[in-house]
Amino acid sequence: MADIAHPPMEQLQDLEYCIDSNPPWAETILLGFQNYILMLGTSVMVPSILVPLMGGTDGDKARVIQTLLFVAGINTLLQALFGTRLPAVVGGSYAYVISILYIINDSSLQRISEPHVRFIHTMRAIQGALIVASSIQIILGYSQLWGLFSRFFSPLGMAPVVGLVGLGLFQRGFPAVGNCVEIGIPMLLLVIGLSQYLKHVRPLRDLPIFERFPVLFCVSIIWIYAVILTASGAYHNKPAITQVSCRTDKANLVSTAPWFKFPYPLQWGPPTFAVGHSVAMMSAVLVSMVESTGAYKAASRLAIATPPPAYVLSRGIGWQGIGIMLDGLFGTGTGSTVSVENVGLLGLTRVGSRRVVQISAGFMIFFSILGKFGAVFASIPFPIYAALYCVLFGLVGSVGLSFLQFTNMNSMRNLIITGLSLFLGISIPQFFNEYQTVHGGLVRTNAGWFNAFLNTLFSSPPTVGLIVAVFLDNTLEVEKAMKDRGMPWWVKFRTFRGDNRNEEFYTLPFNLNRFFPPT
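In what follows, the accompanying structure is described. Residue positions are given per chain, counted from 1 along the sequence in the order it is written. Under the rules for a predicted model, residues below a pLDDT of 70 receive no local features and side-chain atom pairs below 80 are neither given nor counted, while totals for whole chains, interfaces and linings still include all residues. Excluding hydrogens and water, the side-chain figures rest on all heavy atoms present in the structure.

A closer look at the overall build of the protein chain
Under the DSSP-based scheme used, a helix requires at least four consecutive residues in state H or I and a strand at least two consecutive residues in state E, with every element numbered from the N terminus. Each helix and strand counted, the protein chain has 24 helices and 2 strands in total. In this treatment the radius of gyration is a C-alpha quantity, and the globule benchmark scales as 2.2 Å times the residue count to the 0.38 power. The C-alpha atoms of the protein chain give a radius of gyration of 22 Å, which matches the 24 Å a tight globule of 519 residues would have. Based on the C-alpha atoms only, the size of the protein chain along its principal axes is roughly 65 × 60 × 45 Å. Exposed residues in this analysis have more than 50% of their type's maximum accessible area, buried residues have under 20%, and partly exposed residues fall in between, with area computed by a 1.4 Å probe over protein chains only. Counting the 519 residues in the protein chain, one finds 59% classified as buried.

Quick look at the structure:
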């Protein structure tokens, strides 16, 4: 048995750089640019879905994407400096789509006949809802209530939640690759080949370039291939979905983006406020909070840091709430959450450095201001990103499951909780999403805000997984199963002073802990 035993390990051992160690500056800048390229997928896709439904033009879409990237850069810097201090990119989120669709379809907005006027009024309504709903995370974060609730977490409860943060995004993986197989499948094979099979090839001294920069290499090669296919007329007379997914010139971003545009607060006009819109948006903010909590746990493991204690987790959620308020003030068209794909990239490149993410935030701000240059990168076809998501989301999911090593998986209680949480966490959101596509949502009462609230909550795999896992884990034979749940290992990470390493990883910069001491 000794030959096959693998003792639990608090920190991953085969990463090159941890949260506080930094690669050489040239490598750091390239890694930061790679993070920027990766986060463009969601940053472009969400406005591309929502802006046309709001009545916006291609020019409006380009401005919204610029604004989203600009605010994402600010939020990422705030989170890396003053929030959890983990190497996590904060960007636009799909979690807000159902709530935003409710606002878009509001009868008072739909009655506006002129499309651009409707777009402006809808954007202002979304801004108002985001500003009000952001108070949820600000209050739960800075009051430490979310930290207090995290006392109910355990390795057994967190494993399905973090796992579903990655695995629950399967619809954005191969189904999107299948929309353009001639681009998506070569991309998927290439990224696996370079990052795994050729990771030890080092043509430049001691730098494993294929392992360190797989996104830059693979995206460049397949993007050029896609440009050649588009220019050669391969997609003439093809169905609309194929043209949108495969062509490199279909988004019209380069032609409509301004050369220089500095996003500023209230650029669309003063926000408008409605109780129904705000309540509907609050569900998305709650979902964002759960998903970000799981992503922070994964990021800490991939950055060779300790799990963020309750105080740090609350601090991060509070700053994320401020980030959502900035989304509302600037008018990004959606709210923010931690980018799961960028968390996965920490593991794929084996670089968990905080500085890399801070540099990537600089790229987001820089290219959002220089619109034309940013639009060139934003025109990368989405199936290229979807192929990357297959690898990166799967990696984050497996990081979540790695928390099970601290539990007793020979316990039938633990097997039932883990299996039920994972299964319902995938099955229930899939059921809700099918109704959302066909019927506009499973919950259909006369109160639209109520429909959007419940449909948003139960369409989120990590949220459903958290509800099931935490409830079962804290009600089934709790006292007898303390050791089986992994609590002897977990309990020291509940408080900031519980582990000496917390101070190294999570202390605020500029000696700010003197003014904001950990509680």
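Considering the pattern of salt bridges
We define a salt bridge as a contact between a side-chain nitrogen of Lys or Arg and a carboxyl oxygen of Asp or Glu at a distance within 4 Å. Applying the stated criterion to the full structure yields 9 salt bridges. In this structure, the salt-bridge partner of lysine 61 is aspartate 58, at a minimum N-O distance of 3.9 Å. On the criterion of helical spacing, the pair formed by lysine 61 and aspartate 58 is a turn pair, its members being 3 residues apart in helix H2 (residues 58-81). According to the relative accessible area criterion, lysine 61 is buried, its value standing at 10%.

Some remarks on the state of the cysteines
Note on disulfides: each one is a pair of cysteine sulfur atoms within 2.5 Å. Overall, the coordinates contain 1 disulfide when judged by the stated rule. Across the disulfide, cysteine 180 is cross-linked to cysteine 246 (sulfur-sulfur distance 2.0 Å). Note on the cysteine 180 and cysteine 246 pair: the S-S dihedral is about 130 degrees, so by sign convention the disulfide is right-handed. Linking cysteine 180 in the loop between helix H8 (174-177) and helix H9 (181-197) with cysteine 246 in helix H12 (residues 240-246), this pair joins segments that are 66 residues apart in sequence. Note on cysteine 180: relative accessible area 1%, which makes it buried. Judged by its relative accessible area of 0%, cysteine 246 falls in the buried class. Cysteine cysteine 218 shares no disulfide, and the gap to the nearest cysteine sulfur, in cysteine 390, comes to 13 Å. A residue is classified by how much of its surface remains accessible, and cysteine 218, at 0% relative accessible area, is buried.

Some thoughts on the packing of aromatic side chains
Between 30 and 60 degrees the pair is tilted, below 30 it is stacked and above 60 it is edge-to-face, where a pair is any two Phe, Tyr or Trp rings, Trp via its six-membered ring, whose centres lie within 6.5 Å. One pass over the structure, following the stated rule, counts 25 aromatic pairs. Taking the centre distance of 4.8 Å and the plane angle of 20 degrees together, the rings of tyrosine 389 and phenylalanine 393 count as stacked. Here phenylalanine 393 and tyrosine 389 lie together in helix H19 (residues 382-401), a separation of 4 residues that amounts to about one turn. As far as burial versus exposure is concerned, tyrosine 389 and phenylalanine 393 are alike and both buried. Each member of the aromatic cluster is reached from another via a ring pair, and the members are Phe33, Tyr36, Phe363, Phe366 and Phe367. The side chain of arginine 63 reaches across the aromatic face of tryptophan 268, ending 4.3 Å from its centre. For a ring to carry a charge above it, either NZ of a lysine or CZ of an arginine must fall within 6 Å of the ring centroid while also lying within 35 degrees of the normal to the ring plane. Between arginine 172 and the ring centre of tyrosine 389, over which it is positioned, the NZ or CZ distance is 5.2 Å.

Brief notes about the nonpolar core
Ranked by size, the top nonpolar core spans 104 residues in total, and within it Tyr36, Ile37 and Ile183 carry the most contacts. Apart from the residues within four sequence positions on either side, isoleucine 37 is in contact with Val215, Leu216, Val219, Phe377, Ile380 and Tyr385. Buried residues of nine kinds, namely Ala, Val, Leu, Ile, Met, Phe, Trp, Tyr and Cys, make up a nonpolar core once their side-chain atoms join them within 4.5 Å. Counting 28 residues, the second largest nonpolar core, distinct from the first, contains Leu109, Ile120, Ala133 and Ala284. Contacts: residue pairs with any heavy atoms within 4.5 Å of one another.

Observations concerning the side chain of serine 421
Within the secondary structure, serine 421 sits in helix H20 (residues 412-439). Counted as a polar contact is a pair of N or O atoms within 3.5 Å, where, for protein atoms, one must be capable of donating a hydrogen and the other of accepting one, and residues adjacent in sequence contribute only when both atoms are in side chains. Within the local environment of serine 421, its side chain forms a polar contact with the backbone oxygen of isoleucine 417, the two atoms lying 2.6 Å apart. For serine 421, the side chain forms a polar contact with the main-chain nitrogen of alanine 469, separated by 3.5 Å. The contacts of serine 421, once residues within four sequence positions are left out, are Pro160, Leu164, Gly465, Val468 and Ala469.

Some points on the side chain of threonine 349
Positionally, threonine 349 belongs in helix H16 (residues 340-349). Take threonine 349: its relative accessible area is 3%, and that puts it in the buried class. There is a polar contact of 2.8 Å between the side chain of threonine 349 and the backbone oxygen of leucine 345. Among all residues touching threonine 349, those that are not within four sequence positions of it are Gln34, Glu211, Arg212 and Pro214.

Observations concerning the packing of H2 against helix H17 (residues 354-369)
Comment: axis = line fitted to C-alpha atoms, over the contacting stretch for helices; angle = value between 0 and 180 degrees taken between N-to-C directions. The contact between H2 and H17 brings their axes to 8 Å, and the two run at 155 degrees. With respect to H17, the element H2 is oriented roughly antiparallel. Here H2 runs over H17; the crossing is left-handed. Judged by residue contacts, Gln66, Leu69, Phe70, Ala72, Gly73, Ile74, Thr76, Leu77, Ala80 and Leu81 of H2 engage Arg354, Val357, Gln358, Ala361, Met364, Ile365, Ser368 and Ile369 from H17. Residues belonging to the contact of H2 with H17 are distributed by class as follows: 12 nonpolar, 5 polar and 1 charged. Oblique is the label for any angle not under 35 degrees, not over 145, and not in the 65 to 115 range, which are roughly parallel, roughly antiparallel and roughly perpendicular in turn. For any helix crossing, the convention is left-handed if the near helix is rotated counterclockwise from the far helix by under a right angle, and right-handed if that rotation is clockwise. Residue type decides the class: Asp, Glu, Lys and Arg count as charged, Ala, Val, Leu, Ile, Met, Phe, Trp, Tyr, Cys and Pro as nonpolar, and the leftover types, Gly among them, as polar.

Considerations on helix H7 (residues 155-167)
By this rule the span expected of a helix is its residue count minus one, scaled by 1.5 Å. Relative to the 18 Å expected for 13 residues at 1.5 Å per residue, H7 spans 18 Å between its end C-alpha atoms, a close match to the ideal helical length. For H7, the tally of buried residues reaches 12 of 13 residues, placing the bulk of the element in the interior. Every buried residue of H7 is accounted for by Pro155, Leu156, Gly157, Met158, Ala159, Pro160, Val161, Val162, Gly163, Leu164, Val165 and Gly166.

Overview of helix H22 (residues 461-473)
Over its 13 residues, H22 extends 18 Å from the first C-alpha to the last, a length consistent with the 18 Å expected when each residue adds 1.5 Å. With 11 of 13 residues buried, H22 is to be regarded as a mostly interior element. Among all positions of H22, only Pro461, Pro462, Thr463, Val464, Gly465, Leu466, Val468, Ala469, Val470, Leu472 and Asp473 are buried.

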